[in-house]
Amino acid sequence: MLASKRILLIIGGGIAAYKSLDLIRRLKERGASVTPVLTRAAEEFVTPLSVSALAGEKAYRDLFDLTDEAEMGHIQLSRSADLIVLAPATADLMGKMVGGLANDLASTLLMATDTPVLCAPAMNVRMWDHPATQRNLKQLQADGIRFVGPNEGDMACGEFGPGRMSEPLEIVAAIGTQLADGPLRGKRILVTSGPTHEPIDPVRYIANRSSGAQGAAVARALSALGAEVVFVTGPADVPPPAGVQVVRVETAQQMSDAVDAALPVDAGVFAAAVADWRVATASDRKLKKSHDGLPSLEFSENPDILKRVSRLEAGRPALVVGFAAETNDVVENATAKRARKGCDWIVANDVSPKTGIMGGSENAVVLISDDGVDEWPRMDKDMVADRLAQKIADALAD
Ligand code: CTP
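Residues numbered from 1 in each chain as written. Predicted model: local features only at pLDDT ≥ 70, side-chain atom pairs only at ≥ 80, totals over all residues. Heavy atoms only, no water.

## A closer look at the site of the ligand
Around the ligand sit 15 residues in total, of which Phe270, Ala272, Asp276, Lys337 and Lys341 are the nearest. Phe323 places a polar main-chain atom, nitrogen or oxygen, 2.8 Å from an oxygen atom of the ligand. Take Lys341: an N or O atom from its side chain is 2.6 Å from an oxygen atom of the ligand. In the complex, 80% of the free accessible area of the ligand, which totals 570 Å², lies under the protein chains. Of all the elements in the fold, those that place two or more residues in the shell around the ligand are helix H12 (305–310), strand E16 (319–326) and helix H13 (330–341). By residue number, the principal contributor to the shell around the ligand is E16, which donates four residues. A per-class count over the shell around the ligand returns nine nonpolar, one polar and five charged. (Near = heavy atom within 4 Å. Polar contact = N/O pair within 3.5 Å; in protein donor to acceptor, adjacent residues only side chain to side chain. Areas by Shrake-Rupley, 256 points an atom, 1.4 Å probe, with all protein chains shown as cover. Helix = DSSP H or I, 4+ residues; strand = E, 2+ residues; numbered from the N terminus. Nonpolar A, V, L, I, M, F, W, Y, C, P; charged D, E, K, R; others polar.)

Laid out in C-alpha coordinates, this is it:
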(Lines give C-alpha, C1' and ligand atoms only; values in the text may rest on other atoms or scores of the structure.)
Protein backbone atom coordinates (compact mmCIF):
# COMPACT_ATOMS: atom_id res chain seq x y z
CA MET A 1 0.00 0.00 0.00
CA LEU A 2 2.87 2.35 0.79
CA ALA A 3 5.27 1.00 -1.85
CA SER A 4 6.98 3.83 -3.72
CA LYS A 5 5.09 6.50 -1.76
CA ARG A 6 7.16 9.52 -0.75
CA ILE A 7 6.76 10.79 2.78
CA LEU A 8 8.26 14.03 4.01
CA LEU A 9 8.60 13.45 7.74
CA ILE A 10 8.93 16.59 9.85
CA ILE A 11 10.12 15.75 13.35
CA GLY A 12 9.22 18.31 15.99
CA GLY A 13 10.95 18.83 19.31
CA GLY A 14 9.37 16.59 21.91
CA ILE A 15 10.28 13.47 23.81
CA ALA A 16 8.03 11.47 21.46
CA ALA A 17 10.59 12.16 18.71
CA TYR A 18 12.19 8.85 19.64
CA LYS A 19 9.10 7.09 18.26
CA SER A 20 9.72 8.78 14.92
CA LEU A 21 12.82 6.63 14.52
CA ASP A 22 10.66 3.52 14.67
CA LEU A 23 8.11 5.20 12.39
CA ILE A 24 10.83 5.67 9.76
CA ARG A 25 11.72 1.96 9.99
CA ARG A 26 8.12 0.88 9.66
CA LEU A 27 7.57 3.10 6.64
CA LYS A 28 10.75 1.88 4.98
CA GLU A 29 9.77 -1.76 5.63
CA ARG A 30 6.60 -1.07 3.67
CA GLY A 31 8.49 0.32 0.72
CA ALA A 32 7.91 4.04 1.30
CA SER A 33 10.72 6.55 0.94
CA VAL A 34 11.15 8.93 3.84
CA THR A 35 12.77 12.35 3.61
CA PRO A 36 13.38 13.55 7.16
CA VAL A 37 13.33 17.16 8.33
CA LEU A 38 14.25 18.09 11.90
CA THR A 39 13.46 21.26 13.77
CA ARG A 40 16.18 22.68 15.98
CA ALA A 41 14.28 21.47 19.03
CA ALA A 42 13.99 17.96 17.55
CA GLU A 43 17.77 17.73 17.48
CA GLU A 44 17.69 17.95 21.27
CA PHE A 45 15.86 14.60 21.29
CA VAL A 46 17.12 12.63 18.27
CA THR A 47 20.24 13.13 16.19
CA PRO A 48 20.26 13.95 12.49
CA LEU A 49 22.66 11.05 12.07
CA SER A 50 20.28 8.39 13.43
CA VAL A 51 17.35 9.85 11.49
CA SER A 52 19.32 10.00 8.28
CA ALA A 53 20.81 6.50 8.75
CA LEU A 54 17.37 4.95 9.22
CA ALA A 55 15.78 6.90 6.36
CA GLY A 56 18.72 6.27 4.05
CA GLU A 57 18.40 9.91 3.02
CA LYS A 58 19.83 13.23 4.03
CA ALA A 59 18.19 14.79 7.09
CA TYR A 60 17.24 18.41 6.27
CA ARG A 61 17.57 20.91 9.10
CA ASP A 62 18.34 24.40 7.93
CA LEU A 63 16.31 26.91 5.93
CA PHE A 64 19.37 28.87 4.96
CA ASP A 65 21.64 25.98 3.97
CA LEU A 66 23.25 27.06 0.72
CA THR A 67 24.08 23.53 -0.42
CA ASP A 68 20.56 22.29 0.23
CA GLU A 69 19.06 25.26 -1.58
CA ALA A 70 21.34 24.68 -4.58
CA GLU A 71 20.60 20.94 -4.69
CA MET A 72 16.93 20.73 -3.78
CA GLY A 73 15.46 23.99 -2.49
CA HIS A 74 12.83 24.16 0.18
CA ILE A 75 9.95 24.74 -2.21
CA GLN A 76 10.71 21.63 -4.19
CA LEU A 77 11.30 19.67 -1.00
CA SER A 78 7.83 20.57 0.21
CA ARG A 79 6.16 19.53 -3.01
CA SER A 80 7.95 16.38 -3.99
CA ALA A 81 6.16 14.27 -1.37
CA ASP A 82 2.86 12.38 -1.56
CA LEU A 83 2.21 13.23 2.09
CA ILE A 84 3.79 15.41 4.75
CA VAL A 85 3.77 13.82 8.18
CA LEU A 86 4.40 15.92 11.26
CA ALA A 87 5.43 13.60 14.11
CA PRO A 88 5.62 14.66 16.81
CA ALA A 89 3.47 17.71 16.08
CA THR A 90 4.23 20.00 19.00
CA ALA A 91 2.01 22.76 20.35
CA ASP A 92 4.53 25.21 18.91
CA LEU A 93 4.40 23.76 15.39
CA MET A 94 0.60 23.63 15.46
CA GLY A 95 0.52 27.28 16.57
CA LYS A 96 2.91 28.28 13.78
CA MET A 97 0.78 26.52 11.18
CA VAL A 98 -2.35 28.31 12.36
CA GLY A 99 -0.58 31.65 12.35
CA GLY A 100 1.08 31.07 8.97
CA LEU A 101 4.56 31.61 10.41
CA ALA A 102 7.56 30.52 8.40
CA ASN A 103 10.70 31.19 10.39
CA ASP A 104 12.50 27.88 10.09
CA LEU A 105 12.73 25.07 7.57
CA ALA A 106 9.83 22.99 9.02
CA SER A 107 7.33 25.87 9.20
CA THR A 108 8.40 27.21 5.80
CA LEU A 109 7.90 23.80 4.20
CA LEU A 110 4.43 23.61 5.71
CA MET A 111 3.55 27.04 4.32
CA ALA A 112 5.03 26.40 0.89
CA THR A 113 3.21 23.17 0.22
CA ASP A 114 -0.08 22.07 -1.23
CA THR A 115 0.60 18.45 -0.32
CA PRO A 116 -1.76 16.91 2.28
CA VAL A 117 -0.45 17.10 5.84
CA LEU A 118 -0.98 14.55 8.62
CA CYS A 119 -0.18 15.59 12.20
CA ALA A 120 0.56 13.24 15.09
CA PRO A 121 0.40 15.58 18.08
CA ALA A 122 2.40 14.93 21.22
CA MET A 123 2.52 17.16 24.23
CA ASN A 124 1.83 17.41 27.93
CA VAL A 125 -1.84 16.89 28.76
CA ARG A 126 -2.32 20.46 30.05
CA MET A 127 -0.78 21.81 26.86
CA TRP A 128 -3.11 19.63 24.79
CA ASP A 129 -6.16 20.70 26.80
CA HIS A 130 -5.16 24.36 26.74
CA PRO A 131 -7.77 26.50 24.96
CA ALA A 132 -5.09 27.79 22.58
CA THR A 133 -4.17 24.28 21.43
CA GLN A 134 -7.81 23.24 21.14
CA ARG A 135 -8.54 26.40 19.14
CA ASN A 136 -5.58 25.68 16.90
CA LEU A 137 -6.70 22.09 16.44
CA LYS A 138 -10.13 23.21 15.24
CA GLN A 139 -8.63 25.72 12.86
CA LEU A 140 -6.16 23.24 11.43
CA GLN A 141 -8.93 20.68 10.93
CA ALA A 142 -10.97 23.34 9.19
CA ASP A 143 -7.93 24.04 7.00
CA GLY A 144 -7.94 20.38 5.95
CA ILE A 145 -5.02 19.19 8.06
CA ARG A 146 -5.48 15.56 9.15
CA PHE A 147 -4.76 14.22 12.62
CA VAL A 148 -3.89 10.89 14.16
CA GLY A 149 -4.06 10.82 17.96
CA PRO A 150 -3.04 11.92 20.46
CA ASN A 151 -3.73 8.91 22.64
CA GLU A 152 -4.57 8.91 26.28
CA GLY A 153 -2.22 7.27 28.79
CA ASP A 154 0.82 7.67 30.99
CA MET A 155 3.07 10.35 29.65
CA ALA A 156 6.82 10.73 29.73
CA CYS A 157 6.36 13.81 31.94
CA GLY A 158 4.70 11.64 34.60
CA GLU A 159 1.15 12.88 34.05
CA PHE A 160 -1.82 10.99 32.65
CA GLY A 161 -4.26 12.02 29.96
CA PRO A 162 -4.52 12.81 26.26
CA GLY A 163 -1.27 13.98 24.70
CA ARG A 164 0.72 10.83 24.00
CA MET A 165 1.78 10.52 20.41
CA SER A 166 0.12 7.65 18.54
CA GLU A 167 2.22 4.52 18.23
CA PRO A 168 4.24 4.17 15.01
CA LEU A 169 1.94 1.46 13.63
CA GLU A 170 -1.12 3.63 14.25
CA ILE A 171 0.57 6.44 12.36
CA VAL A 172 1.46 4.03 9.55
CA ALA A 173 -2.23 2.99 9.39
CA ALA A 174 -3.30 6.64 9.25
CA ILE A 175 -0.76 7.31 6.50
CA GLY A 176 -2.17 4.30 4.63
CA THR A 177 -5.66 5.77 4.93
CA GLN A 178 -4.45 9.14 3.71
CA LEU A 179 -2.81 7.66 0.67
CA ALA A 180 -5.59 5.16 -0.04
CA ASP A 181 -7.28 5.99 -3.26
CA GLY A 182 -10.73 5.16 -2.00
CA PRO A 183 -13.94 6.96 -2.95
CA LEU A 184 -14.07 8.69 0.46
CA ARG A 185 -10.67 10.27 0.16
CA GLY A 186 -10.88 13.90 1.28
CA LYS A 187 -14.11 13.29 3.25
CA ARG A 188 -14.25 13.74 7.00
CA ILE A 189 -16.76 11.49 8.74
CA LEU A 190 -17.83 11.31 12.36
CA VAL A 191 -18.82 8.00 13.92
CA THR A 192 -20.24 7.65 17.44
CA SER A 193 -20.07 4.22 19.00
CA GLY A 194 -20.41 2.13 22.13
CA PRO A 195 -22.55 2.62 25.21
CA THR A 196 -22.43 5.57 27.56
CA HIS A 197 -21.98 5.26 31.32
CA GLU A 198 -24.07 7.56 33.46
CA PRO A 199 -22.72 7.79 37.00
CA ILE A 200 -24.88 7.17 40.05
CA ASP A 201 -21.98 7.74 42.40
CA PRO A 202 -18.19 7.37 41.99
CA VAL A 203 -18.39 3.57 41.82
CA ARG A 204 -21.75 2.85 40.20
CA TYR A 205 -23.20 3.73 36.83
CA ILE A 206 -26.07 3.03 34.48
CA ALA A 207 -25.05 1.42 31.19
CA ASN A 208 -26.41 -0.74 28.41
CA ARG A 209 -25.32 -3.87 26.58
CA SER A 210 -23.85 -2.25 23.46
CA SER A 211 -20.38 -3.72 22.72
CA GLY A 212 -19.44 -1.01 20.21
CA ALA A 213 -18.73 -3.71 17.60
CA GLN A 214 -20.96 -2.30 14.86
CA GLY A 215 -19.72 1.27 15.31
CA ALA A 216 -16.07 0.18 15.26
CA ALA A 217 -16.72 -1.87 12.12
CA VAL A 218 -18.34 1.13 10.40
CA ALA A 219 -15.38 3.36 11.34
CA ARG A 220 -12.93 0.78 9.96
CA ALA A 221 -14.91 0.39 6.73
CA LEU A 222 -15.14 4.17 6.14
CA SER A 223 -11.44 4.57 6.83
CA ALA A 224 -10.64 1.73 4.41
CA LEU A 225 -12.45 3.72 1.70
CA GLY A 226 -10.14 6.65 2.41
CA ALA A 227 -12.25 8.77 4.79
CA GLU A 228 -10.75 10.71 7.65
CA VAL A 229 -12.74 9.26 10.54
CA VAL A 230 -13.32 10.88 13.91
CA PHE A 231 -14.41 8.04 16.18
CA VAL A 232 -16.17 9.20 19.35
CA THR A 233 -16.58 6.16 21.54
CA GLY A 234 -18.08 5.38 24.91
CA PRO A 235 -16.60 2.59 27.05
CA ALA A 236 -16.89 -0.21 24.47
CA ASP A 237 -15.82 -3.87 24.65
CA VAL A 238 -14.11 -3.87 21.27
CA PRO A 239 -11.02 -1.74 20.58
CA PRO A 240 -11.23 1.14 18.11
CA PRO A 241 -9.88 0.44 14.64
CA ALA A 242 -6.40 1.61 13.67
CA GLY A 243 -6.01 4.68 11.53
CA VAL A 244 -8.94 6.68 12.91
CA GLN A 245 -8.93 9.63 15.28
CA VAL A 246 -10.23 8.26 18.57
CA VAL A 247 -12.03 10.42 21.15
CA ARG A 248 -12.93 8.47 24.29
CA VAL A 249 -15.87 9.60 26.40
CA GLU A 250 -17.97 8.13 29.21
CA THR A 251 -21.23 10.03 29.47
CA ALA A 252 -23.80 11.23 26.94
CA GLN A 253 -22.96 14.83 27.77
CA GLN A 254 -19.27 14.21 27.06
CA MET A 255 -20.20 12.46 23.81
CA SER A 256 -22.30 15.45 22.82
CA ASP A 257 -19.40 17.83 23.53
CA ALA A 258 -16.97 15.64 21.60
CA VAL A 259 -19.34 15.57 18.62
CA ASP A 260 -19.54 19.38 18.66
CA ALA A 261 -15.76 19.57 18.75
CA ALA A 262 -15.50 17.23 15.74
CA LEU A 263 -17.79 19.30 13.49
CA PRO A 264 -17.76 20.21 10.64
CA VAL A 265 -17.89 16.84 8.93
CA ASP A 266 -19.17 15.61 5.57
CA ALA A 267 -21.20 12.83 7.17
CA GLY A 268 -22.11 11.67 10.67
CA VAL A 269 -22.90 8.07 11.58
CA PHE A 270 -24.47 7.81 15.03
CA ALA A 271 -24.04 4.19 16.06
CA ALA A 272 -23.68 4.83 19.79
CA ALA A 273 -26.22 3.46 22.25
CA VAL A 274 -26.58 6.72 24.13
CA ALA A 275 -28.30 6.61 27.52
CA ASP A 276 -31.48 8.66 27.31
CA TRP A 277 -31.32 9.67 30.96
CA ARG A 278 -28.68 10.51 33.48
CA VAL A 279 -28.96 10.54 37.24
CA ALA A 280 -29.71 14.14 38.09
CA THR A 281 -28.61 13.63 41.63
CA ALA A 282 -25.34 11.73 41.00
CA SER A 283 -23.44 11.73 44.24
CA ASP A 284 -19.76 12.55 44.54
CA ARG A 285 -19.58 10.10 47.44
CA LYS A 286 -20.42 6.42 47.40
CA LEU A 287 -24.06 5.94 48.42
CA LYS A 288 -24.26 3.94 51.64
CA LYS A 289 -26.90 1.48 52.67
CA SER A 290 -29.16 3.36 55.00
CA HIS A 291 -31.74 2.22 57.46
CA ASP A 292 -34.22 4.70 56.03
CA GLY A 293 -34.96 2.42 53.07
CA LEU A 294 -33.89 2.30 49.45
CA PRO A 295 -32.23 5.27 47.76
CA SER A 296 -34.33 7.01 45.16
CA LEU A 297 -32.70 8.26 41.99
CA GLU A 298 -33.95 11.25 40.10
CA PHE A 299 -33.27 11.38 36.38
CA SER A 300 -32.84 14.14 33.89
CA GLU A 301 -32.83 13.89 30.13
CA ASN A 302 -29.58 13.63 28.19
CA PRO A 303 -28.99 15.69 25.06
CA ASP A 304 -30.24 13.90 21.95
CA ILE A 305 -27.08 14.16 19.88
CA LEU A 306 -28.44 12.73 16.66
CA LYS A 307 -31.51 14.98 16.73
CA ARG A 308 -29.45 18.07 17.45
CA VAL A 309 -26.96 17.43 14.64
CA SER A 310 -29.74 16.48 12.20
CA ARG A 311 -31.47 19.78 12.89
CA LEU A 312 -28.44 22.06 12.75
CA GLU A 313 -29.18 25.10 10.65
CA ALA A 314 -25.56 25.89 9.94
CA GLY A 315 -22.96 23.22 9.44
CA ARG A 316 -25.28 20.22 9.19
CA PRO A 317 -23.36 17.28 7.68
CA ALA A 318 -24.46 16.51 4.13
CA LEU A 319 -25.49 13.04 5.30
CA VAL A 320 -26.68 12.09 8.80
CA VAL A 321 -27.14 8.40 9.57
CA GLY A 322 -28.81 7.22 12.77
CA PHE A 323 -29.21 3.74 14.20
CA ALA A 324 -32.35 2.40 15.81
CA ALA A 325 -32.13 -0.45 18.25
CA GLU A 326 -35.64 -1.85 18.59
CA THR A 327 -37.13 -4.89 20.25
CA ASN A 328 -40.47 -4.88 18.40
CA ASP A 329 -42.19 -3.36 15.34
CA VAL A 330 -38.75 -2.52 13.97
CA VAL A 331 -39.75 -0.85 10.71
CA GLU A 332 -42.64 1.19 12.18
CA ASN A 333 -40.63 2.35 15.18
CA ALA A 334 -37.56 3.15 13.12
CA THR A 335 -39.55 5.02 10.48
CA ALA A 336 -41.12 7.17 13.19
CA LYS A 337 -37.68 7.65 14.78
CA ARG A 338 -36.19 8.84 11.50
CA ALA A 339 -38.90 11.50 11.19
CA ARG A 340 -38.58 12.51 14.85
CA LYS A 341 -34.82 12.88 14.71
CA GLY A 342 -34.62 14.46 11.25
CA CYS A 343 -31.76 12.26 10.04
CA ASP A 344 -31.40 11.14 6.43
CA TRP A 345 -31.06 7.40 6.99
CA ILE A 346 -31.83 5.07 9.84
CA VAL A 347 -30.13 1.72 10.14
CA ALA A 348 -32.57 -0.28 12.24
CA ASN A 349 -32.15 -3.61 13.89
CA ASP A 350 -33.94 -5.92 16.26
CA VAL A 351 -31.96 -6.18 19.46
CA SER A 352 -34.33 -8.41 21.40
CA PRO A 353 -32.29 -11.09 23.21
CA LYS A 354 -33.53 -13.92 20.95
CA THR A 355 -31.69 -12.36 17.96
CA GLY A 356 -28.27 -12.45 19.68
CA ILE A 357 -27.40 -9.21 17.87
CA MET A 358 -26.50 -7.02 20.82
CA GLY A 359 -23.04 -8.21 21.84
CA GLY A 360 -22.92 -10.73 18.96
CA SER A 361 -20.89 -10.72 15.73
CA GLU A 362 -23.80 -10.61 13.28
CA ASN A 363 -26.44 -8.08 12.45
CA ALA A 364 -29.67 -8.03 10.44
CA VAL A 365 -30.51 -4.47 9.51
CA VAL A 366 -33.10 -2.51 7.63
CA LEU A 367 -32.00 0.72 5.99
CA ILE A 368 -34.71 3.36 5.94
CA SER A 369 -34.26 6.39 3.73
CA ASP A 370 -36.18 8.56 1.28
CA ASP A 371 -35.90 5.60 -1.09
CA GLY A 372 -37.98 3.46 1.26
CA VAL A 373 -37.24 0.37 3.33
CA ASP A 374 -34.31 -1.78 2.29
CA GLU A 375 -34.03 -5.05 4.20
CA TRP A 376 -30.51 -6.52 4.27
CA PRO A 377 -29.95 -10.22 4.93
CA ARG A 378 -28.39 -11.23 8.25
CA MET A 379 -24.60 -10.99 7.90
CA ASP A 380 -21.40 -10.34 9.78
CA LYS A 381 -21.18 -6.86 11.38
CA ASP A 382 -18.07 -6.23 9.24
CA MET A 383 -20.05 -6.91 6.09
CA VAL A 384 -22.90 -4.64 7.22
CA ALA A 385 -20.25 -1.98 7.80
CA ASP A 386 -18.64 -2.44 4.36
CA ARG A 387 -22.02 -2.23 2.64
CA LEU A 388 -23.03 0.86 4.61
CA ALA A 389 -19.67 2.56 3.97
CA GLN A 390 -20.05 1.94 0.23
CA LYS A 391 -23.57 3.41 0.29
CA ILE A 392 -22.25 6.46 2.14
CA ALA A 393 -19.50 6.85 -0.46
CA ASP A 394 -22.10 6.68 -3.25
CA ALA A 395 -24.33 9.23 -1.50
CA LEU A 396 -21.49 11.70 -0.90
CA ALA A 397 -20.35 11.36 -4.52
CA ASP A 398 -23.79 12.43 -5.86
N1 CTP B 1 -29.04 8.98 19.99
C2 CTP B 1 -28.29 10.11 20.28
N3 CTP B 1 -28.42 10.74 21.48
C4 CTP B 1 -29.28 10.27 22.39
C5 CTP B 1 -30.06 9.11 22.13
C6 CTP B 1 -29.91 8.49 20.92
O7 CTP B 1 -27.50 10.52 19.43
N8 CTP B 1 -29.38 10.89 23.56
C9 CTP B 1 -28.91 8.36 18.67
C10 CTP B 1 -28.32 6.96 18.66
O11 CTP B 1 -26.91 7.02 18.48
C12 CTP B 1 -29.00 6.34 17.47
C13 CTP B 1 -30.37 7.00 17.46
O14 CTP B 1 -30.22 8.21 18.19
O15 CTP B 1 -28.38 6.67 16.26
C16 CTP B 1 -31.48 6.21 18.04
O17 CTP B 1 -31.15 5.74 19.31
P18 CTP B 1 -32.21 4.96 20.18
O19 CTP B 1 -31.66 4.72 21.54
O20 CTP B 1 -32.72 3.79 19.39
O21 CTP B 1 -33.36 6.08 20.17
P22 CTP B 1 -34.03 6.90 21.25
O23 CTP B 1 -34.21 8.29 20.77
O24 CTP B 1 -33.33 6.72 22.54
O25 CTP B 1 -35.47 6.24 21.27
P26 CTP B 1 -36.09 5.10 22.18
O27 CTP B 1 -35.09 4.81 23.28
O28 CTP B 1 -37.34 5.71 22.64
O29 CTP B 1 -36.29 3.93 21.27
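So that's the structure; there's more coming.
## Examining the packing of helix H1 (residues 17–29) against helix H2 (residues 48–55)
It is the contact of H1 with H2, at a shortest axis distance of 9 Å, that shows an interaxial angle of 10 degrees. Taken as axis vectors, H1 and H2 run roughly parallel relative to one another. In this structure, H1 contributes Leu21, Ile24, Arg25 and Lys28 to the contact, and H2 contributes Ser50, Val51, Leu54 and Ala55. In the contact of H1 with H2, the residues fall into five nonpolar, one polar and two charged. (Axes fitted to C-alpha atoms, helices over the stretch in contact; angles between N-to-C directions. Parallel < 35°, antiparallel > 145°, perpendicular 65-115°, else oblique. Contact = heavy atoms within 4.5 Å.)

## Quick notes on the sheet that holds strand E3 (residues 83–89)
Judged by pairing direction, the sheet is parallel, and its five strands sit side by side in the order E2-E1-E3-E4-E5 without closing on themselves. The sheet terminates laterally at strand E2 (33–38) and strand E5 (146–147), the two strands that pair on one side only. Relative to E2, strand E1 (residues 6–11) is paired through six bridges, and the arrangement is parallel. Residue pairing for E2: Ile10 is matched across the bridge by Val37. The sheet contacts of H1 involve E1, E2 and E3, and relative to E1 the element is tilted by about 170 degrees. The sheet contacts of helix H5 (residues 91–99) involve E3, strand E4 (117–121) and E5, and relative to E3 the element is tilted by about 135 degrees. (Pairing = 2+ DSSP bridges.)

## So, the pattern of salt bridges
Across all of its chains, the model carries 23 salt bridges by this definition. Residues Arg30 and Glu29 are paired through a salt bridge, measuring 3.5 Å at the closest nitrogen-oxygen approach. Here the residues in one salt-bridge network are Asp22, Arg25, Arg26, Glu29 and Arg30, joined through shared partners. (Salt bridge = Lys/Arg side-chain N within 4 Å of Asp/Glu carboxyl O.)

## Quick notes on the pairing of strand E17 (residues 345–350)
Among the six residues of E17, five are classified as buried, and the element is accordingly described as predominantly covered. Judged from the six bridges that link them, E16 and E17 form a sheet pairing that is parallel. When the bridges of E17 are listed, Phe323 appears paired with Val347. Here four bridges tie E17 to strand E19 (residues 365–369), and the two strands are oriented antiparallel to one another. Along E19, the bridge assignment pairs Asn349 with Val365. (Buried < 20%, exposed > 50% of the residue type's maximum accessible area, 1.4 Å probe, protein only.)

## Quick look at the packing of aromatic side chains
A full pass over the atoms with the stated rule returns zero aromatic pairs. Sitting above the plane of the Tyr60 ring, Lys58 keeps its charged end 5.6 Å from the centroid. Of note, Arg387 hangs over the ring of Trp376, and the distance from its end group to the ring centre comes to 4.5 Å. (Phe/Tyr/Trp six-rings, centres within 6.5 Å; stacked < 30°, edge-to-face > 60°. Lys NZ or Arg CZ within 6 Å of the ring centre and 35° of its normal.)

## Describing the UniProt feature "active site" (unreviewed entry) in the protein
The feature "active site" (unreviewed entry), as given by UniProt, occupies Cys157 in the numbering adopted here. Classification of Cys157 as partly exposed rests on a relative accessible area of 47%. (UniProt positions renumbered as here; feature names shortened; annotations may be inferred.)

## Let's talk about the UniProt feature "binding site: CTP" (unreviewed entry) in the protein
Following the UniProt record, one finds the feature "binding site: CTP" (unreviewed entry) at Asp276, Lys286, Pro303, Asp304, Ile305, Leu306, Phe323, Lys337 and Lys341. Taking the farthest pair of C-alpha atoms as the criterion, the annotated set spanning 66 residues is dispersed, since that pair is 36.9 Å apart. Secondary-structure assignment places Asp276 in the loop between strand E13 (267–270) and strand E14 (277–279). Discounting chain neighbours no more than four positions away, the residues touching Asp276 are Ser300, Glu301 and Asn302. The topology assignment puts Pro303 in the loop between strand E15 (299–301) and H12.

## Examining a nonpolar patch on the surface
A surface patch of nonpolar side chains, amounting to about 390 Å² of accessible area, comprises Trp277, Leu287, Leu297 and Phe299. Inspection of the secondary structure assignment puts Leu297 in the loop between E14 and E15. (Patch = residues over 30% accessible without salt bridge, like charges linked within 9 Å, V, L, I, M, F, W, Y side chains within 5 Å.)

## Focus on the nonpolar core
Counting 33 residues, the largest nonpolar core has Ile189, Leu222, Val269, Leu388 and Ile392 as the members making the most contacts within it. Among the secondary structure elements, those contributing two or more residues to this core are strand E8 (188–193), helix H10 (213–224), strand E11 (228–233), E13, E16, E17, E19 and helix H14 (381–397). The leading source of residues in this core is H14, at seven residues. If we ignore the near neighbours within four places in the chain, the residues touching Leu388 are Val218, Phe323, Trp345, Val347, Leu367 and Trp376. Core analysis: the second largest hydrophobic core is formed by 31 residues, Ala42, Val85, Leu118 and Leu179 among them. (Core = buried A, V, L, I, M, F, W, Y, C linked by side-chain atoms within 4.5 Å.)

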